[in-house]
Amino acid sequence: ALGVVVGKPLPQKGACRHFKHSYRWLRFPCCGRAFPCASCHEASDCPAAALGVWANRMLCGKCSREAAYSDKPCEHCGNTYTKPSGAHWQG
C-alpha cells in the first residue's frame, strides 16, 4: 500500500528521493500505478517504464484525489501544482 488517504496530503508531502518537493503524484497507464516522479516510475518493475510512457492521471499532493493530468488547480481542493515563485518542477 502506498499510504494514500483521500482527503489527506500525500505521504512525505509527495516527496521522493529524486525531488524534495512534489505537489502531485503521477499515475501511469502502462501499469496503473502512481509514483512521485517519472524517475521513480523508471526505477520500478514496470516493463514499459523504460519506454518513456507519459502519465495520464495524477493525485493531488494536498487532498490525494485523482484527476486527469493537468496544470490547472485541483478541481477538488484548489491546490496548485507549482510553487508560488515559479514552475521549475511541477511534480
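Everything below is about the structure printed above this text.
Every value quoted in this text rests on a predicted model; they were computed, and no experiment measured them.

Novice: With reference to specific residues and values, describe the environment of phenylalanine 35.
Specialist: With respect to the helices, strands and loops of the structure, phenylalanine 35 is situated in strand E2 (residues 34-35). Relative accessible area serves as the criterion here: at 11%, phenylalanine 35 is assigned to the buried category. Along the sequence, phenylalanine 35 and tryptophan 25 sit 10 residues apart, while their C-alpha atoms lie 5.5 Å from each other. Not counting residues up to four positions away in its chain, the partners in contact with phenylalanine 35 are Trp25, Leu26, Phe28, Cys40, His41 and Ser44.

Novice: Account for the pairing of strand E1 (residues 24-27), naming residues and giving values.
Specialist: A regular strand carries its side chains on alternate faces of the sheet. As paired strands, E1 and strand E3 (residues 57-60) are joined by 4 bridges and run antiparallel to one another. Paired with tryptophan 25 across the bridge in E3 is leucine 59. Pairing of E1 with E2, which is carried by 2 bridges, proceeds in the antiparallel orientation. Directly across from arginine 27, in E2, lies its bridge partner alanine 34. Here E1 folds back onto E2, and the loop between the two strands holds 6 residues, one of which, glycine 32, carries a positive phi near 75°.

Novice: I'd like a rundown of the nonpolar core, residues and numbers included.
Specialist: Of all hydrophobic cores here, the largest spans 7 residues; its members are Cys16, Leu26, Phe28, Phe35, Cys37, Cys40 and Ala55. Setting aside residues up to four positions removed in sequence, cysteine 40 forms contacts with Cys16, His18 and Phe35. Of all hydrophobic cores here, the second largest spans 5 residues; its members include Met58, Cys60, Cys63 and Tyr81.

Novice: Mind laying out the pattern of salt bridges, listing which residues take part and the relevant values?
Specialist: Scanning all chains against the criterion turns up 4 salt bridges. The closest approach of N and O atoms between glutamate 66 and arginine 27, which form a salt bridge, is 3.0 Å. Taken as a pair, glutamate 66 in strand E4 (residues 66-68) and arginine 27 in strand E1 lie far apart in primary sequence, 39 residues in all. With relative accessibility at 29%, the residue glutamate 66 sits in the partly exposed group. On the basis of relative accessibility, which here comes to 21%, the residue arginine 27 falls in the partly exposed class. Linking arginine 57 and glutamate 66 is a salt bridge whose minimum nitrogen-to-oxygen distance equals 2.9 Å. When its relative accessible area of 32% is taken as the criterion, arginine 57 is described as partly exposed.

Reading the values: rules and limits
Residues numbered from 1 in each chain as written. Predicted model: local features only at pLDDT ≥ 70, side-chain atom pairs only at ≥ 80, totals over all residues. Heavy atoms only, no water. Helix = DSSP H or I, 4+ residues; strand = E, 2+ residues; numbered from the N terminus. Buried < 20%, exposed > 50% of the residue type's maximum accessible area, 1.4 Å probe, protein only. Contact = heavy atoms within 4.5 Å. Pairing = 2+ DSSP bridges. Core = buried A, V, L, I, M, F, W, Y, C linked by side-chain atoms within 4.5 Å. Salt bridge = Lys/Arg side-chain N within 4 Å of Asp/Glu carboxyl O.

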